[in-house]
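Structure assessment
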2 protein chains.
Amino acid sequence: MRIEIICTGDEVLTGKIVNSNFSYISQKLEDFGLSLTWETTVGDDRESLLQAFQLAGQRADAVIVNGGLGPTVDDLSQEIAAKAAGVELALNEEWLATMEAYFMKRARVMPPNNKKQAMLPAGAEVLDNPIGTACGFAVNIGKARFFFTPGVPRELRRMLEEQIVPRLLAKAGKQTAVFLKRFHSYGIGESHADTLLAGVEALVPDGSVKLGFRAHYPQLETKLTARGVDMDDIRRKLAPVEAEVRKRFGNFIMAEDDRTLEGVILSELEKCQGTLTIVESFTSGQVVGRVAHLPGAEKIVRRGIVARELSEVCAAVGLNIVPAAITKEAAEAVAHAALAHTKTTHSLVVLVDLDEGADRVEFAGTVCLAIATANKIESRRSRIVGGRDWVRLGAVEMGLDCLRRYLQGLPVNERIDFEKVE
Amino acid sequence: MRIEIICTGDEVLTGKIVNSNFSYISQKLEDFGLSLTWETTVGDDRESLLQAFQLAGQRADAVIVNGGLGPTVDDLSQEIAAKAAGVELALNEEWLATMEAYFMKRARVMPPNNKKQAMLPAGAEVLDNPIGTACGFAVNIGKARFFFTPGVPRELRRMLEEQIVPRLLAKAGKQTAVFLKRFHSYGIGESHADTLLAGVEALVPDGSVKLGFRAHYPQLETKLTARGVDMDDIRRKLAPVEAEVRKRFGNFIMAEDDRTLEGVILSELEKCQGTLTIVESFTSGQVVGRVAHLPGAEKIVRRGIVARELSEVCAAVGLNIVPAAITKEAAEAVAHAALAHTKTTHSLVVLVDLDEGADRVEFAGTVCLAIATANKIESRRSRIVGGRDWVRLGAVEMGLDCLRRYLQGLPVNERIDFEKVE
């Protein structure tokens, strides 16, 4: 089945806003085993819109149009959809009533120009929007079924998932139950992960489980898309594959599905009634900045200390003897001192010794980190290459992931793909 | 002149990477008074590429194609360009020599498949790429001039600016000298800025200076695009408009052109041989994280202290009497204590008192900030509405901008558009 997307709006066309709706829709289709063949962006311009609709209607089986459903004069999607479909615009009484109820619930009077949002091409199928006033709809143009969606991201997302994906799956003749299982890992590169997981799809011989990746350095998201007749069927199919992914990735899995590394750290600390101090140098607040602002962190992340110079780091935690250089031992000494100084149960110390020289791809830094409680200390030394930003991002992630490993009783020194072996 | 963009590549089409090249090209064209009418994204697929090239060649006068110039088998741009233009691929000896020199300079042997990058449609005009091996080129397809560009962002950007924009301006019959003047401000919303600057374009009656905005909350970028016969002409035209923008925006301008708020702060502190301590609560490291990692900051930003609870903030700076609540006076007391405790010349304190309740658009927080030196203290209280993330971003920017104002001897208490008046 050929699917196309048409994005509309001057703000998108002129680059004033980055078109994240497009990548969202495209990813979501991939997740459901559907795929996109063509994308078009045009502005709020009658002639371009009409031409884009007609061309897509000749090429595709299904087209998702995003934007242009608002109440203002430059929102043209309904008008041009009607023209391209060769029908008139007609007032949809049902949607008008829905909108009036929407405003009444919010104790507001509906502005008269919102009525425009209930004018749909005659015969259009309504796609419900439970969280906004822009009515989605479906019509046929040329040989394709067109699905019109609002530009507001949260409205689009909900409509796509609840209304459009099921219709597309039905149209494609696919079993309609689909489930996406996700694993978040740190330390395994995408091509290495692909090799590690070779053959896992084949554990379900009928091909209904599909493996995919999305890398956002330094994290990797591993996705299993499973299809079946219902959720029980899916769970049965997915179980052996999930188990195998967990086995092969082992300690590298930080979190699954909607959970995050930060969330896992906070809940582990909460479980043991722990409190945390974070001490960092070159990462300059970006380790503590990942966790301390989260709801629930206010009782757990008690203190963050940032200093660029080792002598300042030591002064900040009341350590009188300043080590000669940034080493694992120095990080350990700071971690011990931080516990005593701030009276928390846990401390995480991330120190970075940057190489000299210009900021190029070959530029590297040495990360020395330590995690301490009253009874146990762990530390790690690692070289990261790739320029200042890369070193900084890598050090932040390594610090947080080693803390996660420490809290879960896992080794903090497992080799990762992003460090340089010396 | 009708200009189109064609983005190519499976990674872009499937949403694996967000297409920031597109918005970059589109913005850049706008900056030069050129504008885009249509954008198409297709994958690494011969049939789609050919069709996309042919359609754009029928509609447009100029087309910029991005991606597909690499050495691997799925890089198809040259091959399909030749087919669409009705010519053969031919080895460009000059580019082959350029590539060989490129590898030699880096003491590497050119892999054989890189030779593919010197195969161009016969008669194509070469667009130089001084920082990569992908050769840009221009050919005619249909009635349009096509410009083929590499997918690597820094290579694209340089080629666009140095090679393509001048050709487009010449093709459009525009005076070729163009200059973009930029102002970065914080505290004035886009529509307010538009009102404030009403009429500034008219100071140059021939219409050669154009005003535009780009908002990236909480900062606003104000752009003046000026065209003229040469740079002297442009400077003469721009001078009165620039002066007027500076006058109307006044203290709200943080930096101009490539300078940044962070850079201005660091250079002001360097000028007075100052050292800085930053103390923050809910922003949790995100104030210090904006400046401390920058080159040159290691001698200036001496200490960052993060704590969520006011009692912890006080403990961290050795303040024995804990204020009852987060107020301007509390922030001032912490700022004084921080100076004494860390022995820096300057301290910036950003404390946030979050409202109770769920995180919705109506959710607000109170920011109390203070900046101190041995002789002078300034402070500010402000209410920010818009949900947890909005409050956090607003507090970070307000803290840094007030520090900039303090260092430049400007009032830190000027009212901004993003705060709630009580």
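Residues numbered from 1 in each chain as written. Chains lettered and ligands numbered in written order. Predicted model: local features only at pLDDT ≥ 70, side-chain atom pairs only at ≥ 80, totals over all residues.

1. Brief notes about the overall build of chain A
So the rule is basically this: Where helices and strands are cited, they refer to DSSP runs of H or I of at least four residues and of E of at least two residues respectively, numbered from the N terminus. With C-beta atoms placed from the backbone, the exposure class of a residue follows from how many other C-beta atoms lie within 10 Å of its own: 20 or more, buried; 12 or fewer, exposed; in between, partly exposed. By definition, residue pairs are in contact when their C-beta atoms, positioned from the backbone, come within 7 Å.
Of the regular secondary structure elements, chain A holds 13 helices and 17 strands. The proportion of buried residues among the 422 residues of chain A is 47%. Counting only contacts in chain A whose residues sit at least 6 apart along the sequence, the fraction spanning at least 24 positions is 66%.

2. Points about the nonpolar core
Selection criterion: Note on terminology: a nonpolar core is any set of buried Ala, Val, Leu, Ile, Met, Phe, Trp, Tyr and Cys residues joined through C-beta atoms within 7 Å.
V334 and V349 of chain A together with V334 and V349 of chain B are the most contacted members of the largest nonpolar core, which totals 144 residues. With residues near it in sequence (within four places) discarded, V334 of chain B still touches V279, V313, C314, V317, L319, V349 and A370 of chain B. Formed by 100 residues, the second largest nonpolar core is a distinct cluster that contains F22 and A81 of chain A together with A62 and I141 of chain B.

3. A look at the domain arrangement of chain A
Residues and elements named next belong to chain A. Filter applied, for reference: Domain delimitation follows an automatic or database domain assignment.
Each domain of chain A was delimited in the assignment, giving domain 1 (3–171), domain 2 (177–256) and domain 3 (261–407). The C-alpha-based centres of domain 1 and domain 2 are spaced at 33 Å. Between domain 1 and domain 2, the residue contacts involve 5 residues of the former and 7 residues of the latter.

4. Concerning the relation of the copies chain B and chain A
In this arrangement, two copies of a chain are superimposed by a rotation about an axis accompanied by a shift along the axis. We count it as follows: We place the copies in one frame by least squares, fitting the C-alpha atoms of every residue whose pLDDT is at least 70 in both.
When chain B is brought onto chain A, the operation consists of a screw motion whose angular component is 180° and whose axial shift is 0.2 Å, with 0.3 Å RMSD remaining. Classification of the inter-copy transformation places it as that of a two-fold axis. A share of 100% of interface residues in chain B that are also interface residues in chain A marks the association as one of identical surfaces.

5. Thoughts on the interface of chain B and chain A
As a reminder, the rule being used: Under this grouping Gly is polar, as are all residues other than the nonpolar Ala, Val, Leu, Ile, Met, Phe, Trp, Tyr, Cys and Pro and the charged Asp, Glu, Lys and Arg. A pair of strands is treated as paired once DSSP finds two or more bridges between them.
Every contact between the two is made by 44 residues of chain B and, on the other side, 45 residues of chain A. At the level of secondary structure, the elements contributing two or more residues to the side of chain B that touches chain A comprise α2 (20–31), β2 (36–42), α10 (288–291), β14 (301–306) and α11 (310–316) of chain B. Residues belonging to the side of chain B that touches chain A are distributed by class as follows: 16 nonpolar, 17 polar and 11 charged. In this sheet, β14 of chain B lies alongside strand β14 (residues 301–306) of chain A in antiparallel orientation, the contact comprising 3 bridges. If you follow G304 of chain A over to β14 of chain B, its bridge partner there is V306 of chain B.

6. What about the sheet that holds strand β11 (residues 219–228) of chain A?
All names here are of chain A. Test applied: Interaxial angles span 0 to 180 degrees and are taken between N-to-C directions of axes, which are lines fitted to C-alpha atoms, for helices over the stretch in contact.
Read across the open sheet, the 4 strands follow the order β10-β11-β9-β12; overall the sheet is antiparallel. Edge positions in the sheet fall to β10 (209–216) and β12 (253–256), since each of these pairs with one other strand and no more. On average, each strand axis in the sheet is inclined to that of its neighbour by 25°, with strand direction left out of account. Both β10 and β11 contribute to a ladder of 8 bridges, which runs antiparallel. Considered in β11, the bridge of K210 is made with T225. Sheet strands touched by helix α8 (residues 231–249): β9 (177–186), β10, β11 and β12. Its angle to β9, the strand with the most contacts, is close to 15°.

7. Digging into α2 of chain B
For an α-helix, the turn length of 3.6 residues means that residues three or four places apart are oriented alike. Residue and element names in this part refer to chain B. To keep it simple, the criterion reads: By definition here, a helix of n residues has an expected span of 1.5 Å times n minus one.
Between its first and last C-alpha, α2 extends 16 Å over 12 residues, near the 16 Å set by a 1.5 Å rise per residue. Within α2, the full set of buried residues consists of N21, F22, I25, S26, L29, E30 and D31. Positive backbone phi, at 75°, marks G33, one or two positions downstream of α2.

8. A word on unusual backbone geometry
With omega at 0°, the peptide bond leading from Y217 of chain A into P218 of chain A counts as cis. With respect to the helices and strands, the residue P218 of chain A is situated in the loop between β10 and β11. Located in the positive-phi region is Q273 of chain A, a residue other than glycine, with phi close to 50°. In this structure, Q273 of chain A sits in the loop between α9 (261–271) and β13 (276–280). The exposed category is assigned to Q273 of chain A, around which 9 C-beta atoms lie within 10 Å. You will see that K343 of chain B, though not glycine, has its phi angle at about 55°, which is positive. Topologically, K343 of chain B is positioned in the loop between α12 (328–342) and β15 (346–354).

9. A word on the sheet that holds strand β16 (residues 364–372) of chain A
Pairing in this open sheet of 10 strands is mixed, and the strands run β17(A)-β16(A)-β15(A)-β13(A)-β14(A)-β14(B)-β13(B)-β15(B)-β16(B)-β17(B) from one edge to the other. Pairing within the sheet leaves two strands with one partner each, and these edge strands are β17 (377–385) of chain A together with β17 (377–385) of chain B. Averaged over all neighbouring strand pairs, the angle between strand axes comes to 10°, with direction disregarded. Relative to strand β16 (residues 364–372) of chain B, β15 of chain B is paired through 8 bridges, and the arrangement is antiparallel. The partner of V352 of chain B across the bridge, within β16 of chain B, is V367 of chain B. Set on the sheet, helix α13 (residues 388–407) of chain B makes contact with β15, β16 and β17 of chain B; between it and β16 of chain B the angle comes to about 20°.

10. Focus: the packing of helix α9 (residues 261–271) of chain B against α13 of chain B
Residues and elements named next belong to chain B. To be explicit about the condition: Definitions for this section: a left-handed crossing has its near helix turned counterclockwise from the far helix by less than a right angle. A right-handed crossing has that turn clockwise.
Interaxial distance between α9 and α13 falls to 10 Å at its minimum, and their mutual angle equals 35°. Handedness of the crossing formed by α9 with α13: left-handed. For the pair formed by α9 and α13, the contact residues are L261, V264, I265, E268 and L269 on the first element and L400, D401, L403, R404 and L407 on the second. The residue makeup of the contact of α9 with α13, split by class, is 7 nonpolar, no polar and 3 charged.

11. Here's the deal with the environment of Y102 of chain B
Assignment of secondary structure puts Y102 of chain B in helix α5 (residues 93–105). On a C-alpha basis, the gap between Y102 of chain B and P121 of chain B in space is 22 Å, while along the polypeptide they are 19 residues apart.

12. A closer look at the pairing of strand β7 (residues 136–141) of chain A
It is a general feature of regular strands that their side chains alternate between the two faces of the sheet. All names here are of chain A. Along β7, 5 of the 6 residues are buried, which leaves the element largely enclosed by surrounding structure. Alignment of strand β6 (residues 125–127) against β7, held across 3 bridges, turns out to be antiparallel. From the neighbouring strand, V126 faces β7, where its bridge partner is F137. Pairing of β7 with strand β8 (residues 144–149) involves 5 bridges; the strand directions are antiparallel. Each bridged residue has a counterpart across the sheet, and for V139 the counterpart in β8 is F146. Once β7 ends, the chain turns through 2 residues before running back antiparallel as β8, passing G142 with a positive phi of about 60°.

13. Let's talk about the packing of helix α2 (residues 20–31) of chain A against helix α6 (residues 153–171) of chain A
Residue and element names in this part refer to chain A. As a reminder, the rule being used: Angle categories are assigned with fixed cut-offs, so that under 35 degrees is roughly parallel, over 145 is roughly antiparallel, 65 to 115 is roughly perpendicular, and the rest are oblique.
Running from amino to carboxyl end, α2 crosses α6 at an angle of 25°, the nearest separation of the two axes being 11 Å. Taken as axis vectors, α2 and α6 run roughly parallel relative to one another. α6 is crossed by α2, and the crossing has right-handed handedness. Residues N21, Y24, I25 and K28 of α2 lie in contact with α6, whose contacting residues are P153, L156, R157, L160 and V165.

14. Details of the confidence of the model for chain A
In plain terms, the rule: Summary of the metric used: pLDDT quantifies the predictor's per-residue confidence within the range 0 to 100.
The share of residues in chain A with pLDDT of 70 or more is 100%, and the mean pLDDT across the chain is 93. In the predicted complex, the global pTM is 0.83; the interface-specific ipTM is 0.81.

15. Describing the environment of D359 of chain A
All names here are of chain A. Topologically, D359 is positioned in the loop between β15 (346–354) and β16. Looking at D359, the number of C-beta atoms within 10 Å reads 13, which means it is partly exposed. Sequence spacing of D359 and P411 is 52 residues, and the spatial spacing of their C-alpha atoms is 32 Å. Setting aside anything within four residues of it in sequence, one finds D359 in contact with G387 and R388.

16. Re the environment of L276 of chain B
All names here are of chain B. Positionally, L276 belongs in strand β13 (residues 276–280). Along the sequence, L276 and M1 sit 275 residues apart, while their C-alpha atoms lie 53 Å from each other. Not counting chain neighbours up to four residues away, the residues in contact with L276 comprise L269, I300, V301, R302, T344, H346 and L348.

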